[in-house]
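Listed here are the chains, written in short residue letters.
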Amino acid sequence: MKSIVIQKPNALLIDERPLPVPGKGEVRVKITLAGICGSDSHIYRGHNPFAKYPRVIGHEFFGVIDALGEGVEENRLGQRVSVDPVISCGHCYPCSVGKPNVCTTLVVLGVHRDGGFSEYAVVPAKNAWHIPDTIPDKHAVMVEPFTIAANVTGHVQPTEQDVALIYGAGPMGLVTVQALKGVYKVKQVIVVDRIDERLEMAKRSGADWTFNNAEQSLQAALEEKGIKPTLIVDAACHPSILQEAITLASPGARIVLMGFSSDPSQIVQQGITGKELSIFSSRLNANKFPVVIDWLEKGLIDPDKLITHSFDYHHVTDAIELFEKDQRQCCKVLLTFGQ
Ligand code: NAI
Ligand code: MN
Ligand code: ZN
């Protein structure tokens, strides 16, 4: 089989590898579609501290089960599946409190173990989630990015009265907007970014109001309108954003962080305690595949609004370069396998 391998930073190869055989409790997935994410590009460029090389990247993938390991139910053969990249032990402290996404021996497919940019991948059977026939392939491959939004919103339980502010109109900001509007029916969702084209995408995903903060102050604009956000999600992830969010937030508001910056954020304690703000963080997803599959079945979210490009996997280098360079036109870029 062919696999997309990052041999070392900046060295990508479409390599011939032996067809993997599923072990006990595993299935083999013949991959149809995969999505490119910022973290794939970070591993390619050598900017992911967790990555070990060589690595088959890709953690957003969909396909059909074509072989079963020992102990896996026969009826799984031929199933259409989306694969949860989070592999956890099931018994450590975080696993025992419903946070397998921060398992003490966490393994993420495509980061710590070979992933889905490949013609085939072997994965634990319980990570391969059956996709109902009513959900098309192109939507099924988008389950993983939406699980990030399911995880974020799961922490804060948005309500219709919320006034939400989302920093960043990249793929992560946009999945969050769709969840807030489509699933939770939040009254007002405001999106801030520095790129007008991305703010247009945010409007298409349901944002009620967008603001470009490249040259103008968000704080002044919100004050003028008398808006105090009750829920703030940082999907732009610059360390300076936390203090701004604390300043802008309504008393009693929730703030969710998604970033992995290693630079410090300067914050004033009084700003948090004085308004009794709740600050959450969200990493990957904790058992959110069935949640998002349900959203898709009910038509509450629309992945088509995020998919801007699709490439045959042989052109993966072009696909990643476009994804990296053209933030104005690109949101989700898909790779097709065997089509
Ligand atoms: P992206 O880079 O495509 O989008 C970020 C957006 O934020 C860009 O449109 C950029 O113009 C905007 N931005 C940057 N600084 C800003 C500022 N000061 N104010 C307003 N907008 C600003 O990235 P993507 O894929 O949407 O991911 C967003 C972040 O989420 C990344 O930092 C990524 O590492 C993180 N992430 C976290 C996950 C988690 O589970 N916690 C999962 C996936 C991504
Ligand atoms: Mn992703
Ligand atoms: Zn664990």
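Structure shown above.
Residues numbered from 1 in each chain as written. Chains lettered and ligands numbered in written order. Predicted model: local features only at pLDDT ≥ 70, side-chain atom pairs only at ≥ 80, totals over all residues. Heavy atoms only, no water.

Q: Before we go on, may I ask you to explain the sheet that holds strand β4 (residues 55–56) in this structure?
A: Strands belonging to one sheet form pairs held by backbone hydrogen bonds; the direction of such a pair is parallel or antiparallel. Reading across the sheet, the three strands line up as β2-β1-β4 and stay open at both edges, with antiparallel pairing between neighbours. In this open sheet, the two edge strands, each paired with only one partner strand, are β2 (11–16) and β4. Relative to β2, strand β1 (residues 2–8) is paired through six bridges, and the arrangement is antiparallel. Within β2, the residue paired with I6 across the bridge is L12. (Pairing = 2+ DSSP bridges. Helix = DSSP H or I, 4+ residues; strand = E, 2+ residues; numbered from the N terminus.)

Q: For this particular structure, what's the right way to read the sheet that holds strand β14 (residues 231–234)?
A: One open sheet holds the six strands; their spatial order is β13-β12-β11-β14-β15-β16, and the pairing between them is parallel. The sheet is open, and its two edges are formed by β13 (209–212) and β16 (278–281), each paired on a single side. On average, each strand axis in the sheet is inclined to that of its neighbour by 15°, with strand direction left out of account. The pairing of strand β15 (residues 254–257) with β16 spans four bridges and is classified as parallel. From the neighbouring strand, R254 faces β16, where its bridge partner is S278. (Axes fitted to C-alpha atoms, helices over the stretch in contact; angles between N-to-C directions.)

Q: Even after reading the chapter, I still don't get the coordination of the manganese ion (ligand 2), so can you show me in this structure?
A: The expected angle between donors at a tetrahedral four-coordinate metal is 109.5 degrees. At an octahedral six-coordinate metal it is 90 or 180 degrees. Donor atoms from the polypeptide that bind the manganese ion (ligand 2) are C37 (SG), H59 (NE2) and E60 (OE), placed at 2.1 to 2.7 Å. Within one chain, the residues donating to the manganese ion (ligand 2) are spaced in sequence as C-x21-H-E. Taking the relative accessible area as the measure of exposure, H59 reaches 6% and is therefore buried. (Donors = N, O, S within 2.8 Å, 3.2 Å for Na, K, Ca; no water. Buried < 20%, exposed > 50% of the residue type's maximum accessible area, 1.4 Å probe, protein only.)

Interpretation note: all reported values are geometric properties and have no functional meaning in isolation.
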